[in-house]
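Here is what each chain is made of, one letter per residue.
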Amino acid sequence: MKRTILAALAALTIAGTAHADTIKIGVIGPFSGPFALQGKNFKAGIDAYKALNGSKVGDDDLEIIYRDVPQPDPAQSKALAQELVVKEGVQYLAGFYFTPDAMAVTPLLEQANVPLVIMNAATSAIVTKSPLVVRTSFTLWQTSTPMAKVAKDAGVSKVISVVSDYGPGVDAENAFKKGFEAAGGQIVEAIRMPLATNDFSPIMQRVKDSGAEGLFAFLPSGPTTLGFVKAFNENGLKDAGIKFFAPGDLTQESDLPALGEAALGIQTTFHYAVSHDSPENKAFVEAAGKAIGNPAELSFPSVGAYDGMHVIYKMIEATGGEQDAEKAVDAVKGLSWTSPRGPVSIDPESRHITQNIYLREVAKAEDGSYYNKEIATFEKQGDPGLAAMK
Amino acid sequence: MQTVFSIAVDALAYGMVLFVISIGLSVTMGLMRVVNLAHGAFAMIGGYIASYAARDLGLGYGFAVLLAVFGTIVIAVPIERLLYRRIYGAPELTQVLMTIGITFCIIGIANYVFGPTLKTVPLPPALQGSVDLGFRSIATHRIFAIGCGLGVAVALWYLIEKTAFGVKLRAAVDNAAMAAALGVRTEIVYAVSFAVAVGLAALGGVVGAELLPVEPYYALRYMVTFLVVVSVGGAGSIPGALVACLLLGGIDTAGRYLVPEFGEFFFYLAVIAIVCVFPRGLAGRAGQ
């Protein structure tokens, strides 16, 4: 008798969730502190998607619950994710700017029955940590590998690599090195500098002394890139004809007004430029610019968030609003759509986004502002980083 | 040999930028006995004012620098009257809590008013580009920074050691009650030296903007470096701060050139060694 009542109760609760009115999505990212701009971009991307596609999926309302992790802090990230799942009852977790924060959450997913949609964190390994992780951003392997070909095609055979000494920097170095050496080029020296470096003049002197014809560099987007680019010019490397190659983090749109003239002509490879010419992107930039307030602050995390929302909408459609993480993730494997950045799809194997990588050059627009001008396209790039891990 | 010269030039430039920004902190900490963690915040305000004046209002560089220095002082004087005056002579913990609180307020306001993006101070054509030294080229604005550093060092030394105001300041620092009894208006002396320290912070913020770009977290990002310079040099000593900046700039630059993968290891190793041998800094005064 007791058992039947329990079963009936259980059936009732399950039936209760079946026509849930409000589906909650927990978004974790840096919304205050030094990286608040990136969190703001998450929000702008999410708001833009809701503005363009409605804030309802079927009959279900959506509620986005934001949680703030200002700086990489795996313990806090995990605690907040737990709180979101247990107390708020979110059905989806999303966001994550930093790799360690995302890594800390992956062990929770299976038990919580919650998929994780990563909107930025860019280390290859995250998707291997749980089958419930889907990523809509990029990896440094993905954005740096095509640069090797660009460098070789530009007639450069000796390159010095200079990266910030932390996970993504090392990834960028390895990706470029692998591609460039495979193309027959030579890395004359690989320098890893501390993240807190302010004065890059000595580094530039080393670049000069190394006799390299090209420089491959990676620094996280933000204040230090300015000093780096200026030091490159001021130490006469630009005039000496040394070519500057980097992934697009160095010339993110929100830093360009400050970099200005100094960055002119720098070539970068990246998955998204705010200037990308397509009707989807025009609509996106307009909506996201409105959401963020000042369109000049728009940068790449916004498009990761926008596509992350697309994936979550599809997941909700496929499960009819029921909480079934596995079914939700299965539903988006192989999903392809046209994103503001161009045609993309979710690789069924890795659950990472397959996308075009663009070669861009910093150029001056007619109104005097600077932008990343797309000049070549590498179509349908997967994540070579996963293959390199095996 | 060329490498040695090259490192020396970079070290001199970097050390001088550090000096211009840190010397104001040395004055507040050494002469006024206030652990002013908001020093970086005042440097940042200077940077913002200069950037706004030069970029958005289109004023000349020299004018923007002056506006930054005096604008920051105008902002800082009421803060001194209302907040700092309460913590003169207070325990260090009280001072740290108060000034770190002020720093966070300024960060929040800067973020709200100017937004989170980087701001630069556009240089006049005369300071752009680079100068060929024969064995290498160096950015013109770095030479300007070296000049500023030397100018500030000489002017400050003269002010404190050779003028009547310097005498009053040193008297007020050593024994405020006795100085007041002898007719020195200590609160005015303190207000003026605070204004000088803040003005120097602002100057440093503008001159150093090419190396340390202005953004809301400037106030905290470089605080450790400034504090290290002051503690190594000995709080309140101008020659001490100058030697500390050149020494630390040299070690940092040489380390970065020769073994970048060690990061700031040598910088902090040197700091530990110096502080072990000279607990009050290179030129700190004993027995206070």
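What counts and what doesn't
- Residues numbered from 1 in each chain as written.
- Chains lettered and ligands numbered in written order.
- Predicted model: local features only at pLDDT ≥ 70, side-chain atom pairs only at ≥ 80, totals over all residues.
- UniProt positions renumbered as here; feature names shortened; annotations may be inferred.
- Helix = DSSP H or I, 4+ residues; strand = E, 2+ residues; numbered from the N terminus.
- Rg over C-alpha atoms; globule rule 2.2 N^0.38 Å.
- Buried ≥ 20, exposed ≤ 12 C-beta atoms within 10 Å, placed from the backbone.
- Contact = placed C-beta atoms within 7 Å.
- Domains from an automatic or database assignment.
- Nonpolar A, V, L, I, M, F, W, Y, C, P; charged D, E, K, R; others polar.
- Axes fitted to C-alpha atoms, helices over the stretch in contact; angles between N-to-C directions.
- Parallel < 35°, antiparallel > 145°, perpendicular 65-115°, else oblique.
- Left-handed = near helix turned anticlockwise from the far one by under 90°.
- Core = buried A, V, L, I, M, F, W, Y, C linked by C-beta atoms within 7 Å.
- Pairing = 2+ DSSP bridges.
- pLDDT = per-residue confidence, 0-100.

An unreviewed UniProt entry lists chain B under the name ABC transporter permease, with Sinorhizobium glycinis given as the organism.

Going by an unreviewed UniProt entry, chain A carries the name Amino acid-binding protein and comes from Sinorhizobium glycinis. Its UniProt record gives chain A the following Sequence similarities (unreviewed entry) comment, quoted word for word: "Belongs to the leucine-binding protein family."

A. How the structure looks around the overall build of chain B. Each helix and strand counted, chain B has 12 helices and 2 strands in total. Along chain B, helices and strands appear, N-terminal first, in the series α-α-α-α-β-β-α-α-α-α-α-α-α-α. Taken against the 2.2 N^0.38 rule, which gives 19 Å for 288 residues, the C-alpha radius of gyration of chain B at 19 Å falls within 12% of a compact globule. Counting only C-alpha atoms, chain B reaches 60 × 50 × 35 Å along its principal axes. Going through the 288 residues of chain B one by one, you find that 50% of them count as buried.

B. Focus on the overall build of chain A. Regarding its fold elements, chain A presents 14 helices and 15 strands. In terms of C-alpha radius of gyration, chain A reaches 22 Å, essentially the compact-globule figure of 21 Å for 390 residues. By principal-axis analysis of the C-alpha atoms, chain A measures approximately 85 × 45 × 35 Å. Within the span of chain A, comprising 390 residues, buried residues form 54% of the whole. Expressed as a percentage of contacts within chain A between residues at least 6 apart in sequence, the contacts between residues at least 24 apart total 71%.

C. Broad picture of the UniProt feature "transmembrane region" (unreviewed entry) in chain B. UniProt annotation of "transmembrane region" (unreviewed entry) refers to residues 6-27, 34-54, 60-84, 96-114, 143-160, 188-207 and 265-283 of chain B when read in the numbering used here. The distance separating the terminal C-alpha atoms of residues 143-160 of chain B is 26 Å; by composition the span is 100% helix and 0% strand.

D. The domain arrangement of chain A, seen in detail. Residue and element names in this part refer to chain A. Segmenting chain A into domains produces domain 1 (2-138 + 277-351) and domain 2 (141-270 + 357-389). Here domain 1 and domain 2 have C-alpha centroids that lie 31 Å from each other. At the interface, 14 residues of domain 1 touch 15 residues of domain 2. Within the side of domain 1 that touches domain 2, the residues separate by chemical class into 7 nonpolar, 5 polar and 2 charged.

E. Structural detail: the packing of helix α11 (residues 238-258) of chain B against helix α12 (residues 265-277) of chain B. All names here are of chain B. Between α11 and α12, whose axes approach to 8 Å, the crossing angle comes to 150°. With respect to each other, α11 and α12 are oriented roughly antiparallel. Where α11 crosses over α12, the two elements pack in a sense that is right-handed. Counting all contacts with α11, which are made through L248, I251, D252 and G255, the residues of α12 involved are F266, F267 and A270. Taken together, the residues of the contact of α11 with α12 sort by class into 5 nonpolar, 1 polar and 1 charged.

F. Inspection of the interface of chain B and chain A at higher detail. The interface of chain B with chain A comprises 26 residues on the first partner and 29 residues on the second. Per-element tally for the side of chain B that touches chain A: the top contributor is helix α1 (residues 2-31) of chain B, with 4 residues. Classifying every residue of the side of chain B that touches chain A by side-chain character gives 11 nonpolar, 8 polar and 7 charged.

G. Quick look at the nonpolar core. Residues L215 and A217 of chain A are the most contacted members of the largest nonpolar core, which totals 119 residues. With 8 residues, the single largest contributor to this core is helix α12 (residues 301-319) of chain A. Counting only domains with at least three residues in this core, you end up with domain 1 (2-138 + 277-351) and domain 2 (141-270 + 357-389) of chain A. Sequence-distant contacts of L215 of chain A, defined by excluding residues within four places in its chain, comprise V159, I160, V162, V207, I242, F244 and F245 of chain A. I45, A50, A53 and I107 of chain B belong to the second-largest nonpolar core, a separate cluster that totals 93 residues.

H. Structural detail: the UniProt feature "domain: Leucine-binding protein" (unreviewed entry) in chain A. This chain's UniProt record puts "domain: Leucine-binding protein" (unreviewed entry) on residues 22-364 of chain A. Between the first and last C-alpha atoms of residues 22-364 of chain A the distance is 46 Å; the span itself is 41% helix and 23% strand.

I. How the structure looks around the pairing of strand β4 (residues 92-95) of chain A. All names here are of chain A. Neither face of β4 is open: one carries Y92 and A94, the other L93 and G95, and all of them are buried. With 4 bridges connecting them, strand β1 (residues 22-29) and β4 associate as parallel partners. Of the residues in β4, the one forming a bridge with V27 is A94. As paired elements, β4 and strand β5 (residues 116-118) share 3 bridges and run parallel to each other. Its bridge partner being in β5, G95 is matched across the sheet by I118.

J. A look at the environment of Q82 of chain A. Looking at the element boundaries, Q82 of chain A is found in helix α3 (residues 74-88). Placed 27 residues apart in sequence, Q82 of chain A and L109 of chain A show a C-alpha to C-alpha distance of 9.7 Å.

K. Expanded view of the sheet that holds strand β3 (residues 60-68) of chain A. Residue and element names in this part refer to chain A. A sheet is described by the order of its strands in space; here 6 strands give the open sequence β2-β3-β1-β4-β5-β6, paired in mixed fashion. The sheet terminates laterally at β2 (56-57) and β6 (133-135), the two strands that pair on one side only. Sheet topology places β2 next to β3; 2 bridges connect them, and they run antiparallel. Considered in β3, the bridge of V57 is made with D60. Strand contacts of α3: β1, β3 and β4, with the helix running at about 170° to β1, the strand carrying the most contacts.

L. Just the confidence of the model for chain A, in detail. Confidence in the prediction for chain A averages 89 pLDDT; 95% of positions are at 70 or higher. When the elements of chain A are averaged for pLDDT, helix α1 (residues 2-18) of chain A gives the smallest value, 53, and β5 of chain A the largest, 96.

M. Local environment of the environment of Y371 of chain A. Residues and elements named next belong to chain A. Note that Y371 resides in strand β15 (residues 370-381). For Y371, a count of 17 C-beta atoms within 10 Å puts it in the partly exposed group. Sequence separation between Y371 and D255 is 116 residues, and the spatial gap between their C-alpha atoms is 10 Å. With near-sequence residues (within four places) excluded, Y371 lies in contact with L256, S275, A363 and A365.

N. Quick peek at the confidence of the model for chain B. Here chain B averages 88 in pLDDT, and 99% of its residues register 70 or above. Scored by ipTM, the complex comes to 0.77, with pTM at 0.82.

O. Examining the packing of α1 of chain B against helix α5 (residues 140-162) of chain B more closely. All names here are of chain B. One can describe the packing of α1 onto α5 by two numbers: an axis separation of 8 Å at closest approach and a directional angle of 45°. Taken as axis vectors, α1 and α5 run oblique relative to one another. Our pair here, α1 against α5, has a crossing hand that is left-handed. Counted together, L12, A13, M16, V17, F19, V20 and I23 of α1 and R142, A145, I146, C148, G149, V152 and L156 of α5 form the full contact between these two elements.

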